[in-house]
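In case you want the letters, here they are:
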Amino acid sequence: MKTEIVKINRERFTEEELEFAARCLREGKLVAFPTETVYGLGGNAFDATASARIYEAKGRPSDNPLIVHIAETEALKELAEDVPESAYRLAEAFWPGPLTMILKKSDKVPKTTTGGLDTVAVRMPSDEIAAALIRLSGIYVAAPSANASGRPSTTKAEHVIEDLDGKIDVIIDGGASAIGLESTIVDLTGEVPLILRPGYISAEQLAEVLGEVQFDEAVLKRSASENVVAKAPGMKYRHYAPKAPLYIVEGKSEEVIRFINTEAVKHAAEGRIVGILATEETKKYYTGGMVFCAGKRADAETIAAGLFDTLRSFDETGVGVIYSESFADNPLGTAIMNRLLKAAGYHIIHPNEDGEH
Ligand code: TXA
Ligand code: MG
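What this report covers is the structure whose coordinates are included nearby. Only a predicted model underlies this, so the values are computations on that prediction, with no experimental measurement involved.

What counts, and at which threshold
Residues numbered from 1 in each chain as written. Chains lettered and ligands numbered in written order. Predicted model: local features only at pLDDT ≥ 70, side-chain atom pairs only at ≥ 80, totals over all residues. Heavy atoms only, no water. Near = heavy atom within 4 Å. Polar contact = N/O pair within 3.5 Å; in protein donor to acceptor, adjacent residues only side chain to side chain. Areas by Shrake-Rupley, 256 points an atom, 1.4 Å probe, with all protein chains shown as cover. Helix = DSSP H or I, 4+ residues; strand = E, 2+ residues; numbered from the N terminus. Nonpolar A, V, L, I, M, F, W, Y, C, P; charged D, E, K, R; others polar. Buried < 20%, exposed > 50% of the residue type's maximum accessible area, 1.4 Å probe, protein only. Pairing = 2+ DSSP bridges. Contact = heavy atoms within 4.5 Å. Phe/Tyr/Trp six-rings, centres within 6.5 Å; stacked < 30°, edge-to-face > 60°. Lys NZ or Arg CZ within 6 Å of the ring centre and 35° of its normal.

1. Observations concerning the site of ligand 1
Then, in step 1: Around ligand 1, a shell composed of 28 residues is seen, among which Thr37, Asn64, His69, Ser183 and Gly234 lie nearest.
Then, in step 2: Here an oxygen atom of ligand 1 and a side-chain polar atom of Arg123 are 3.0 Å apart.
Then, in step 3: Across the complex, the protein chains shield 97% of the 680 Å² of accessible surface that ligand 1 would expose by itself.
Then, in step 4: Elements that contribute at least two residues to the shell around ligand 1 include exactly strand S4 (67-69), strand S7 (119-123) and strand S11 (194-197).
Then, in step 5: Here the shell around ligand 1 takes four residues from S7, the largest share from any one element.
Then, in step 6: A breakdown of the residues in the shell around ligand 1 according to their chemical character gives 15 nonpolar, eight polar and five charged.

Structure below.
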């Protein structure tokens, strides 16, 4: 299949430029489009064949439900049942934006879209291109992240081309996603609202609106031996992993740097190049290996924005092993570490203790 690339300048674009992609969506075709979180791979949420094609293009297990993207809050009435009043309060506070709500699904939503579940995930993106495309298509757009299953999510059209060229109908190139990490997912179907995936909207922000909110146990998992099953089906899969094994090194900055530098020398002696996931503040202290900078430690948003791109970059370099700094101590840290821990298969090293945990 030939994939059409449609370049859109987000500073100034017209609806006509999106008309072709919108028509493709209406016709049951697949369109990758930018959102403020990551790129999405969109198809008609009410068309079972379109969702089947999404699963196929991504190589994704079909029990892993898709998020339904909407252009106005009104859509909740058609997509969901027994919508709690808290959903409307969250919509008021955070939509359009990087928040996905899990609600009881209506009969109209096919189970092919929800991975067989009786609940549906709904999000209204704030990205202008995404919003205009959904509105123009006139349909609800089911969209997982536009990456091949298991790979880091895509934050640029180039990433989408790498993973999905030839497998989907259209890729809209709208430049880099502003946030760079997937949306926060909050499940409103239980007694207490539950965060199934941490993201840009923090637990504290949700608590301000909801009163009480808890994390799904699996979100806080720190080691591979903790056998908790994630409530979001997609969160249980291996994810984001670069080709080379990745280790997170945790501790005081000087200790982390010293440890990684020592490892780089050891690996070099055996002919292996070490990849290092560093930051603007620390990159100058690395004396060997191949250093990639995810962003600026003092500005966690830059690290969120650069993380998936950096993880992908390692694959092009032929590094044999990757060491990453840790990012727990900032407001976005929970979301960043959640993705990084998955990418690392929960391998954390504490240089000053008894090795790996
Ligand atoms: O930011 C985002 O959410 C991006 C953009 C494109 O909107 N989308 C995204 O979709 O990350 P995806 O499919 O890669 O991740 C959706 C996650 C999966 O872990 C899935 O299992 C979970 O949401 N999910 C979807 N529907 C669910 C449901 N009904 N109950 C529980 N988890 C659900
Ligand atoms: Mg995904």
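Right, picking up where we left off after that structure.
2. Remarks on the environment of Glu226
Then, in step 1: Mapped onto the secondary structure, Glu226 falls in the loop between strand S12 (214-215) and strand S13 (246-249).
Then, in step 2: Taking relative accessible area as the criterion, Glu226 reaches 32% and is therefore assigned partly exposed.
Then, in step 3: Measuring from C-alpha to C-alpha, the distance between Glu226 and Glu191 comes to 25 Å, with 35 residues separating the pair along the chain.

3. Quick word on the pairing of strand S10 (residues 184-187)
Then, in step 1: Residues Thr184 and Val186 of S10 are buried on one face, and the alternating residues Ile185 and Asp187, pointing to the opposite face, are buried as well.
Then, in step 2: Where strand S6 (residues 99-105) and S10 come together, four bridges link them in parallel fashion. Looking at the pairing, Thr100 lines up with Ile185 of S10.
Then, in step 3: Judged from the three bridges that link them, S10 and S11 form a sheet pairing that is antiparallel. Paired with Asp187 across the two strands is Leu194, which belongs to S11.
Then, in step 4: Linking S10 to S11, which pair antiparallel, is a turn of six residues.

4. Quick look at the side chain of His239
Then, in step 1: Within the fold, His239 resides in the loop between S12 and S13.
Then, in step 2: Overall, the relative accessible area of 14% leaves His239 in the buried class.
Then, in step 3: Among all residues touching His239, those that are not within four sequence positions of it are Gly150, Arg151, Gly234, Lys342 and Ala343.

5. Section: the pairing of S13
Then, in step 1: Across three bridges, the pairing between S13 and strand S16 (residues 321-324) is parallel. When the sheet's bridge partners are listed, Tyr247 is paired in S16 with Tyr323.
Then, in step 2: As judged from the two bridges shared by S13 and strand S17 (residues 348-350), these two strands associate in the parallel manner. Residue Val249 lies in a different strand from S17, and its bridge partner there is Ile349.

6. Things to note about the packing of aromatic side chains
Both the distance between ring centres and the angle between the ring planes are used here to describe each pair of aromatic rings.
Then, in step 1: The full count for this structure, using the stated rule, is five aromatic pairs.
Then, in step 2: Their ring planes at 65° and their centres at 4.9 Å tell us that Phe292 and Phe314 sit as a pair that is edge-to-face. With a gap of 22 residues between them, Phe292 in strand S15 (residues 290-293) and Phe314 in helix H9 (residues 300-315) connect regions that are remote in the sequence.
Then, in step 3: Clustering of aromatic rings is evident, with ring pairs tying together Tyr247, Phe259 and Tyr323.
Then, in step 4: Just above the ring of Tyr346 sits the side chain of Lys221; from NZ or CZ to the centre is 4.7 Å.

Function cannot be inferred from these measures alone, as they are strictly geometric.
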